[in-house]
Structure formats: structure tokens, C-alpha cells
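Remarks on the overall topology
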Amino acid sequence: MKRGEKQSLQPVTALVRSREKHWVGDGFFVSTVFSPSQLDPQLLSPFVLMDHAAPRTFEPSLGRRGVGEHPHRGFETVTFAYAGEIEHRDSSGGGGRIGPGDVQWMTAASGVVHEEMHSQDFSARGGVFEMVQLWVNLPARLKMSAPRYQAITHDRIAGFRLGDAAGRLVAGRFAGVEGPAQTHTPITVFDLQFEAAGTADFELEPGSTTLVFQLRGAMRAQDVTRVSQGDLLLLDRDRPGRVKLQAEAGARALVLNGEPLGEPVVAHGPFVMNTREQIVQAMHDYQSGKMGHLDRGV
Ligand code: MN
């Protein structure tokens, strides 16, 4: 490549259009943006699955909506609150509330049992709710490590400018800033907001996995691909290059990047392990109470 010449654009491997929605419990009306049953888990690695609860208005309610006690093992759940509030409680004693702009990074690892609910205040008040939940895989050597909980409030998330976009870096080093999340493998996660129509142009580590999810509005990616709200782009890991997003005013995208783990992925319900035997063990350990339980009467 000649000096001063710009790196070519990274090709798109897959464009997944917005999918049908389904309820998770009674609080989360989501579309599954990607999952190992829809795309080759090796192409997604280190990411496993992502659900988007697009903006939706909930009426005031006396009770809290959400999803009750359930387990996880072998990976991390990362919850991004964009509108509304979520309360979380788990069997390791972790818990908390996240609101607009906040992120909860929960490492389930060897196993937790938790519940995820709209907050009491939000339930009583009602209003618009929007959330993303991302599942990040753990390498085999860390699947049975101790659970951990990182509550990342919006004021700790590093802001940056990228072309015409305002960025917020949750994890990794990018655009001269460092994200607050501690990750177990190299991961970069940020969102981009375009107040006015414009362009953002960037490069990520060659050989890494890059996914771009359109949270709001529309844009053109890599000069040719038209992307609308709810769509997902998977870029070609084997042909690194620039990522170029030309967005309309008000557009918002979430960018996920990470080093592939290169290990077998066996995902079953709330467990993500390397072998079927480990899944059977996880089910047994949950049923026999080894992942703990939530205190009752709260
Ligand atoms: Mn969960």
C-alpha cells in the first residue's frame, strides 16, 4: 500500500435483517439479534448471543415486570440500559440497579442464579424501556472461575469523538481512551451516536471479530450496504480493513469487537460450555442447588 493511501474497506460477511420479537418473562420484548443457532458460533466468537428490547412504552404497574430466578454458567451477560431501569439480584450476593446509559457486566463463570426485573420505580411510573443484553463467552480455562459483577455507571464510560459521531467506550482501548469494563480476553465495545447526518471511519485489530448493530435510525456501511434499525452486520475477519459508516441524523449503532477464542462452543439454554458433558453437569449442578438460590421474601 502506498504511503498516505487509505486502507481498503473491510468486506461484509453477513447482513442479518431485524428479526421477529418474543417475550422474555413479562418485561423484555426482544428480538434475538444473533445466536449460535442462527450464525456459526465460530464467526461470532467471543460473542455468543445478543437480544435487543427496542424502545417500547410500558404502562404504570403495581408489580415489577421481568424474568424471575434462572441460572447461567460459562460466560458473561452484559446489559446495556438505554431507557428505563433494570434491577438485578443474584445468588452470590451481587445486585443493583442500572438506568439510561449504564451497563451491567456480570461474569456468571462457574454459575449464578439471578433475576432481572424492571425497577420498582420504573414499574410504578411507566415509560419507555430499551435495553440490549449481550452474552460474551469465557475461555475454557475461566469457565469455572468465580462469578463477578461490574456495575458501570454512565459517568464512568469514556466519551470520544469519531468523525461526526459521539462515541462511548465501555470496554477496550480505542480512539485514545480506555473503557471501564474489565474483560477476560481482548474485547472492545462502544456505541456511536450521530446527532446530525455524517460519517465515522475506523479500524480495529486485524483478525478480530467485528459486529455492528443498528440501534436506531439507518446508515450506509462500507459504501454499499443499507442498514436499518435492528439489522446486524458481520464483517469479514479474514480480510481486515476500514469500517465506514455513513449515518442519517439520530442514528445510533453498537460496535462489538473481540479476539476469537478458537474453542468449541456448546450452548444450551442459559449455559455456554465447550462440551455436551459440561452442559449436562451444569444442569445437574443447578438442579442440585450448587449455583445457589435467591433469598425469598424480598
Ligand atoms: Mn439472565
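Right above here is the structure, for reference.
For the structure given in this document, a descriptive report is provided here. Since the structure is predicted, the reported quantities are computational estimates derived from the model, not experimental observations.

**As for the overall build of the protein chain**
Scanning the protein chain from terminus to terminus reveals 3 helices and 26 strands. What you see for the protein chain is a C-alpha radius of gyration of 19 Å, in line with the 19 Å of a compact globule of 298 residues. Along the first, second and third principal axes, the C-alpha set of the protein chain runs to 65 × 45 × 35 Å. Among the 298 residues that make up the protein chain, the fraction classed as buried is 54%. Restricting the contact set of the protein chain to residue pairs at least 6 apart, pairs at least 24 apart contribute 73%. For the protein chain, the accessible area works out to roughly 12,900 Å², and carbon and sulfur atoms hold 49% of it. On the protein chain, the mean spot of the 31 positive side-chain charges and the mean spot of the 34 negative ones are 3 Å from each other.

**Re the packing of aromatic side chains**
This model, assessed by the stated rule, comprises 11 aromatic pairs. Relative to Phe129, the ring of Phe28 has its centre 5.7 Å away and its plane inclined at 55°; by these criteria the two rings are tilted. With Phe28 in strand 3 (residues 28-34) and Phe129 in strand 11 (residues 127-137), this residue pair connects regions lying 101 residues apart in the sequence. Per residue, the accessibility class of Phe28 equals that of Phe129, and both read buried. Note on Phe174 and Phe202: the rings are 5.8 Å apart at their centroids and 90° apart in plane angle, and the pair reads as edge-to-face. With Phe174 in strand 15 (residues 173-174) and Phe202 in strand 18 (residues 198-203), this residue pair connects regions lying 28 residues apart in the sequence. For Phe202, a relative accessible area of 5% translates into the label buried. Sitting over the face of the ring of Phe58, Arg56 holds its NZ or CZ atom 5.8 Å from the ring centroid.

**Side note on the sheet that holds strand 10 (residues 112-118)**
The strand order 5-10-7-8 describes an open sheet built from 4 strands, whose pairing is antiparallel. Two strands bound the open sheet, and with one partner strand each, they are strand 5 (66-72) and strand 8 (95-98). Strand-to-strand, the axes of this sheet are offset by a mean angle of 15°, without reference to chain direction. Across 5 bridges, the pairing between strand 7 (residues 86-90) and strand 10 is antiparallel.

**Considering the pattern of salt bridges**
Under the defined criterion, the tally for this structure stands at 15 salt bridges. A salt bridge links Asp285 to Arg73; the shortest N-O distance between them is 3.0 Å. In this pair, Asp285 sits in helix 3 (residues 276-287) while Arg73 sits in the loop between strand 5 and strand 6 (75-83), placing the two residues 212 residues apart along the sequence. Residue Asp285 is classed as buried on the basis of its relative accessible area of 5%. Notably, a salt bridge pairs Arg97 with Glu87, separated by 3.9 Å at the nearest N-O pair. Of this pair, Arg97 sits in strand 8 while Glu87 sits in strand 7, and the two are 10 residues apart along the sequence. Look at Arg97 and you get partly exposed, because its relative accessible area is 45%.

**What about helix 3?**
Here helix 3 spans 17 Å end to end across 12 residues, near enough to the 16 Å set by a 1.5 Å rise per residue. Among the residues of helix 3, Ile279, Ala282 and Asp285 are the ones counted as buried. Along the long axis of helix 3, the arc covered by the buried residues comes to 125°, so they all point the same way. Of the exposed residues in helix 3, the ones pointing more than 90 degrees away from its buried face are Arg276, Glu277, Val280 and Gln287. Looking one or two residues beyond helix 3, the residue adopting positive phi is Gly289, at roughly 85°.

The rules behind each value
Residue positions within a chain follow its written sequence, with the count starting from 1. pLDDT decides what is reported in this predicted model: residues at 70 or higher carry local features, side-chain atom pairs at 80 or more are listed and counted, and totals for whole chains, interfaces and linings draw on all residues regardless. To obtain the side-chain values, all non-hydrogen atoms of the structure were included, while hydrogens and water were left out. Helix and strand assignments come from DSSP, with helices taken as H or I runs of at least 4 residues and strands as E runs of at least 2, each series counted from the N terminus. Radius of gyration here is computed from C-alpha atoms only, and the compact-globule reference equals 2.2 Å multiplied by the residue count raised to the power 0.38. Relative accessibility decides the category of a residue: with a 1.4 Å probe and only protein chains considered, values under 20% of the type maximum give buried, values over 50% give exposed, and everything between is partly exposed. For this analysis, residues touch if any pair of their heavy atoms sits within 4.5 Å. Each accessible area is a Shrake-Rupley result for a 1.4 Å probe, and residues are judged covered by the shown protein chains and nothing else. In this charge count, Lys and Arg are treated as positive and Asp and Glu as negative; neither His nor the chain ends contribute. Lys charges are placed at NZ, Arg charges at CZ, Asp charges at CG and Glu charges at CD. Each pair of aromatic rings taken from Phe, Tyr and Trp, with Trp reduced to its six-membered ring, is defined by centres within 6.5 Å and is described as stacked if the planes are under 30 degrees apart, edge-to-face if over 60, and tilted in the remaining cases. A ring has a charge above it when a Lys NZ or an Arg CZ is no more than 6 Å from the ring centre and no more than 35 degrees off the ring normal. A pair of strands is labelled paired if DSSP reports no fewer than 2 bridges between them. Inter-axis angles, ranging from 0 to 180 degrees, are taken between N-to-C directions of lines fitted to C-alpha atoms, where helices are fitted over the stretch in contact. Whenever a carboxyl oxygen of Asp or Glu lies within 4 Å of a side-chain nitrogen of Lys or Arg, that contact is scored as a salt bridge. A helix is expected to span 1.5 Å for every residue after the first. The arc in question is the one traced by the directions running from the helix axis out to the C-beta atoms.

Function-wise, these values are silent; they only describe arrangement.
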